[in-house]
Amino acid sequence: MSELRGVTDATHDLRRSTVSGRTPQLLWCAAVAAVVLFALEVALAVLLGPRPGVVATMSLNAAAQVAAAAACFWTARRTCPGDRRWRRLIGVMAGSSALASVATATAVLGGESPRVSSGWYAVLLVFHGVALAGLLSLPTDPVDGRAGMQGRGSSRWYVITMLDCVLIVGSIVLLEWGTVLAAVVRTGAPDLREFLLSLVHSVSVLILVTAVVLIASFRRPRSPATLALLGTGLLAYGLTSNVFVYRVAQHQLDMPPLSVVTFGLAFLLVFLAALLPFPARAPPDGPAPAGPQATWAYAVLPYAVLGAAGLLVVGKLSIGTQVDRFETCGIAGLLLVALVRQMVTLVENARLLAGIRDQERELHHQAFHDPLTGLANRALFTRRLQRALTRNPDDPDDPDDAGDAGDAGDGTSLSVLFLDLDEFKHVNDTFGHAAGDELLRISAERLRAGTRTVDTVARLGGDEFAVILDGDGLRSPRRVGERLAAAIQAPCLLAGRPYTPRASLGLVTLDSPARPADPDVLLHQADLAMYAAKRERTGRLKVYRPDMSPPIATPPPG
């Protein structure tokens, strides 16, 4: 059903190309030529005798394969870099297939009997691997929730997809062997070399078809029509190759002309796929993200097919039927592939889990830190001040343990420094907001450099900073505050021009017996001391006294 939808989409793409003017004549001419060539091939296969029919059909197959290779290489030169690799690799496979078709036609012209498999078809196995690499290079996008494993740069996704292809196709072949093919082989007594070569050839093509199905089902192809044409062509190729396996099993090594017509059809579809317009990005109305059912299907599908093959073997053993060597080696090999696939999946899941944990740590840091200066924000400052006031340094649920300051100590005093940059609006208006941000970063770094690891430096908002000075080992909080005041107001460069910052600082210090339960009270007292310093305009530190009054609100103008 998905293949039919893809072919329908291909027709719509051709129509859209006509409307938008993207080489409409070339596309329509190519489609007409493909239909004419395929009709001619069918007519010659029906009208001519066996030997002339094979020569004619193989020659037309070679023409279709050359056309597919030429279209791939020609369009690869005219498309974006991310769309070139698959065209070149598929083009290489089409070109090698053309050489095999020419070699077969030449051999038949020389009087040899047409055979299903030859040395050229053994060489094609290598180029089928090249085609698989091309299919995996198709520009696609990951579905939601699987970006880690399906990203274009993730080599593990390629490995898992190839292992899934081997599991699915190997299990299907094992089922086919256990139900029908083994009996045909025993009856026909084929040539072992010819049979194995045809079987491996069929398996390699079916792996390509399976790769297309997996990509179409569990990725977001940027051109579903292109993938559908490639998949339909490879499916025709694979079904014909599978039919030849049964012919070889019955010791019928000839190639009837009508039986090889589908090879030409396969590469005519590849020819059209290469000429379809390919969007640079996924369309906004593209396939919907995969839901839970699709995600489960992606995980279960390879093992489900393997399970069916395993049940067949177990069923034979349970009724006393002998299991031959092919089935024994096949099920053992598939179990080994499944084990490797599971190990790769576990490694990928561990990597995704580590990425999720990194993201959680990053989100946690962003939630409790100021993005501009990297200091603690108001939420983290309030939390740490509360901890310092209640003297509960061993709280395991505190989310700031990995922050930029350690736990509160067991000292006998606690001090809070409140700092406000003076004339900060003037800095923004004169030097620009970028210079204002730079001044905030300079001030933050100076505060951080002048405090200890057990202290907490925070930006409360705007140009306001606060520092928790823990009393453990701190003899004179006022001296520390004066040193920070001098450091903050040291000259610096803003926007390449010298500037001397001005600041107002307020300090409140508490002894253990007099600690309030509310951190807002302590912060308000430090704020009152800061406003007292601002009124004096001396740039010196003021220590809180109970008689300090709040700042007088200035009435609005008018």
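The shown structure was predicted, so the numbers you read here are calculated from the model rather than taken from an experiment.

1. Quick look at the overall build of the protein chain
Scanning the protein chain from terminus to terminus reveals 17 helices and nine strands. Here the protein chain holds 558 residues, and 47% of them are scored as buried. Across the protein chain, every contact between residues at least 6 apart in sequence was considered, and the portion connecting residues at least 24 apart equals 75%. With an accessible surface of roughly 27,100 Å², the protein chain has 63% of that area assigned to carbon and sulfur atoms.

2. What about unusual backbone geometry?
At E423, a position not held by glycine, the phi torsion is positive, near 55°. Here E423 shows up in the loop between β3 (413–421) and α14 (424–431).

3. As for the nonpolar core
Of all hydrophobic cores here, the largest spans 71 residues; its most connected members are L135, L181, F195 and F267. Among the elements of the structure, α2 (24–47), α3 (50–76), α4 (85–109), α5 (119–136), α7 (155–188), α8 (192–218), α9 (224–249) and α10 (261–275) are those that each provide at least two residues to this core. Among the elements that line this core, the one with the most residues is α8, at 12 residues. Look past the residues within four positions of L135 in its chain and what remains in contact with it is I90, L208, A211, V212, I215, L230 and L234. Ranked by size, the runner-up nonpolar core spans 28 residues in total, among them L375, A435, Y499 and L505.

4. Looking at the packing of α9 against α10
Viewed as axis vectors pointing N to C, α9 and α10 meet at an angle of 165°, and their least axial separation amounts to 8 Å. Viewed along their axes, α9 and α10 adopt a mutual orientation that is roughly antiparallel. As for how α9 packs across α10, the hand of that crossing is left-handed. In this structure, α9 contributes T226, L229, L230, T232, G233, A236, Y237, T240, S241 and F244 to the contact, and α10 contributes T262, F263, A266, F267, L269, V270, L272 and A273. Of the residues contributing to the contact of α9 with α10, the split by class is 12 nonpolar, six polar and no charged.

5. Quick look at α8
Between the first and last C-alpha of α8 there are 38 Å, a value that for 27 residues agrees with the 39 Å anticipated at 1.5 Å per step. Within α8, 19 of the 27 residues are buried, leaving the element largely enclosed by the surrounding structure.

6. A closer look at the pattern of salt bridges
Tallied over the entire structure, the rule returns 17 salt bridges. R341 is paired through a salt bridge with D164; the nearest N and O atoms lie 2.6 Å apart. Here the residue R341 occupies a position in helix α12 (residues 325–368), and D164 occupies one in helix α7, the gap between them amounting to 177 residues. Per residue, the accessibility class of R341 equals that of D164, and both read buried. When salt bridges that share partners are traced, they join D420, D422 and K534 into one network.

7. A closer look at the pairing of strand β4 (residues 456–461)
In terms of burial, β4 is a largely internal element, five of the six residues being buried. Where β4 folds back onto strand β5 (residues 464–470) in an antiparallel hairpin, the turn is made up of two residues, including G462, whose phi is positive at roughly 60°.

8. What about the packing of helix α15 (residues 433–449) against helix α16 (residues 477–488)?
Following both chains from N to C, one finds α15 and α16 inclined at 150°, their axes separated by 9 Å at the closest point. As far as their axial angle goes, α16 and α15 are roughly antiparallel. Handedness of the α15/α16 crossing: right-handed. Note on element contacts: α16 touches α15 through L484, A487 and I488, opposite S443, R446 and L447. Among the residues making up the contact of α15 with α16, the classes are represented as four nonpolar, one polar and one charged.

9. Focus on the packing of aromatic side chains
One pass over the full model with this rule turns up six aromatic pairs. A ring pair is formed by W177 and F195, whose centres lie 6.3 Å apart and whose planes are at 50°; its orientation type is tilted. Placement of W177 in helix α7 and of F195 in helix α8 is noted, with a sequence separation of 18 residues between them. There is no split in this pair, since W177 and F195 are both buried. With 5.8 Å between their ring centres and 55° between their planes, F244 and F263 make a pair best called tilted. Residue F244 is found in helix α9, and its partner F263 is found in helix α10; the two are separated by 19 residues along the sequence. Of the residues examined, F244 reaches a relative accessible area of 5% and is grouped as buried. These aromatic residues form a ring-pair network of at least three members: Y237, F244, F263 and F267.

Definitions and limits used
Residues numbered from 1 in each chain as written. Predicted model: local features only at pLDDT ≥ 70, side-chain atom pairs only at ≥ 80, totals over all residues. Heavy atoms only, no water. Helix = DSSP H or I, 4+ residues; strand = E, 2+ residues; numbered from the N terminus. Buried < 20%, exposed > 50% of the residue type's maximum accessible area, 1.4 Å probe, protein only. Contact = heavy atoms within 4.5 Å. Areas by Shrake-Rupley, 256 points an atom, 1.4 Å probe, with all protein chains shown as cover. Core = buried A, V, L, I, M, F, W, Y, C linked by side-chain atoms within 4.5 Å. Axes fitted to C-alpha atoms, helices over the stretch in contact; angles between N-to-C directions. Parallel < 35°, antiparallel > 145°, perpendicular 65-115°, else oblique. Left-handed = near helix turned anticlockwise from the far one by under 90°. Nonpolar A, V, L, I, M, F, W, Y, C, P; charged D, E, K, R; others polar. Expected span 1.5 Å × (residues − 1). Salt bridge = Lys/Arg side-chain N within 4 Å of Asp/Glu carboxyl O. Pairing = 2+ DSSP bridges. Phe/Tyr/Trp six-rings, centres within 6.5 Å; stacked < 30°, edge-to-face > 60°.

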